[in-house]
Amino acid sequence: MRTTMIVGLVGLVGLVGLVSPAVFAGDSHPHRVGHQVRFVGIHPIPKSEGGGMCAIEGPHVHIYAANKLEYRTHDGDNYFVGDPVAYNYEGPKYAYKGPHPIHVDAVVGGSPDTEYCYIEGPHYHYFRPADDPDFKLAGDAYFYVGEPPHAFVEARPALIGINATYRPLVYTRPVVEVDAPTGWIGARAEFVTPGVVVESPGVGWGHHDHDGVVVGGGAVVGAGIGVTIVAPPPPSISIGIGVGVGVGVGVGGGAVVHERGHDRGHDKGRHRGWR
Amino acid sequence: MRAPAIARAVVVVGLAAIGACGNGGGNAAREALIAAWKTGGLAPSAFAAVKDSPVGTDCQAGTVNHVDVMVCSYPSAEAAKAAQDLGLQWVGDTTGIATPKGSLLIVAADRKKADPKGTTINQLVKLAP
């Protein structure tokens, strides 16, 4: 009986721990106040809180959680590493293709901190890369061509799920139509997604080879079905039978966007920090 | 010989007078901050001294575009930074900031949900001189 009570108590404590905001990212900060969750930099606002983007660039608090796939902890604050355009962000933006490091301190100040973005396809961030020779600009998009640090590779399995989060989101992604520079991380064996993705040419998350055949995330051989959902304008869904093994779903922008972010050239990505 | 002594006395009396007036530099900095908000297009209310504020001994509070704001002055930038957590306690369970700017601490709490995208709160810091 006593054992049962103890087990029950332990279970209850565990359950409380699970539902407590303390389990969310950012809870490691030693100075947590009430239900506050600390953020730094702009980030999406949950739909339940009105949606859109929070414009506060410096450290601030909200009463909602940050998820672990789209945020990294920087000096105890949650820092958004996803694509803000997916959340109707309309400010300056810079196109990237493939995974890459983010020098967080160059964007929001604070302690030196390199985090990693694992989005595989073309995507945007609201910041340019910091001065780093391992980023190459091609077709108005930044490609990371450096040797990925061990931490970059090691954390990938836990964070690669961000692609599953973004894949269904319908928004205008950058369309990058140039060949990736030599050494691009997206072509490295350790950064090829397990599984199969097949897309129609022209849109989506895969990377296009010279023949316009989309090769995304792993070995693609044989015949299969590709499903591509094309974002507006105009909204449409096309289903095609292509070459490849397996079934893939790609979501891409309907327009080719070779858009230069506003302010490009300004402080070379070393935005003035807030601290 | 006598003249320097008088000069020293004048300096001492002057410093004492500044001390008696409280944090004269803090008030000037706070006024400059509020003026910068106005110049930047924000609409601050009148700011009034906060008695017994847990955040600091020299705090004034008001609203800016319906966001609750308190500006506290400290003897040093380090002291202002050290008071951040006290500022966040004042914010409570809502969106807010406690951001040091020099020897001032800008504390803002969107208790009325007047700033759902955080644009006003962002401007409070961006416009600070």
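Draft legend 1. Quick look at the confidence of the model for chain A. Residue and element names in this part refer to chain A. With 58% of its residues at a pLDDT of 70 or more, chain A shows a mean pLDDT of 70. Segment residues 1-30: pLDDT under 50, and 27 contacts once partners within four positions in sequence are set aside and those in other chains are kept. Below a pLDDT of 50 lies the segment residues 195-275, which in the model reaches 167 contacts outside its immediate sequence neighbourhood of four places, other chains included.

Draft legend 2. Broad picture of the sheet that holds strand β11 (residues 135-138) of chain A. Residue and element names in this part refer to chain A. An order of β10-β7-β12-β11 is seen for the four strands of this open sheet, with the pairing classed as mixed. Looking at the sheet topology across the chains shown, the edges are occupied by β10 (122-125) and β11. Between one strand and the next, the sheet's axes are offset by a mean angle of 35 degrees, whatever the strand orientation. With four bridges joining them, strand β7 (residues 94-97) and β10 adopt antiparallel strand pairing. The residue of β10 that forms the bridge with Lys-97 is Pro-122.

Draft legend 3. The pairing of strand β5 (residues 104-109) of chain B, seen in detail. All names here are of chain B. Burial analysis of β5 places six of its six residues in the buried class, the great majority of the element. Of the two faces of β5, the one holding Leu-104, Ile-106 and Ala-108 and the one holding Leu-105, Val-107 and Ala-109 are both buried throughout. With six bridges connecting them, strand β3 (residues 67-73) and β5 associate as antiparallel partners. Along β5, the bridge assignment pairs Val-69 with Ala-108. Pairing geometry for strand β4 (residues 96-101) and β5, over six bridges, is antiparallel. Across the sheet, Lys-101 pairs through a bridge with Leu-104, a residue of β5.

Draft legend 4. The arrangement of unusual backbone geometry in detail. Positive phi, close to 50 degrees, is recorded for Asp75(A), a residue that is not glycine. Relative to the assigned elements, Asp75(A) resides in the loop between β5 (71-74) and β6 (77-80). In the Ramachandran plot, Asn65(B) falls in the positive-phi region, its phi being about 50 degrees despite a non-glycine side chain. Classification of Asn65(B) by C-beta neighbours within 10 Å gives partly exposed; the count is 19.

Draft legend 5. A look at the environment of Gly139(A). Its place among the elements puts Gly139(A) in the loop between β11 and β12 (141-144). As for Gly139(A) and Val178(A), which are separated by 39 residues in sequence, their C-alpha atoms are 5.6 Å apart.

Draft legend 6. Region of the structure containing the nonpolar core. Residue and element names in this part refer to chain B. Residues Cys-72, Leu-105, Val-107 and Ala-108 are the most contacted members of the largest nonpolar core, which totals 75 residues. If one sorts the elements of this core by residue count, β5 sits on top with six residues. Beyond its immediate chain neighbours, meaning those up to four positions away, Val-107 contacts Val-55, Val-69, Met-70, Cys-72, Gly-87, Trp-90, Val-91, Ile-97 and Ala-98.

Each value, and the rule that gives it
Residues numbered from 1 in each chain as written. Chains lettered and ligands numbered in written order. Predicted model: local features only at pLDDT ≥ 70, side-chain atom pairs only at ≥ 80, totals over all residues. pLDDT = per-residue confidence, 0-100. Contact = placed C-beta atoms within 7 Å. Pairing = 2+ DSSP bridges. Helix = DSSP H or I, 4+ residues; strand = E, 2+ residues; numbered from the N terminus. Axes fitted to C-alpha atoms, helices over the stretch in contact; angles between N-to-C directions. Buried ≥ 20, exposed ≤ 12 C-beta atoms within 10 Å, placed from the backbone. Core = buried A, V, L, I, M, F, W, Y, C linked by C-beta atoms within 7 Å.

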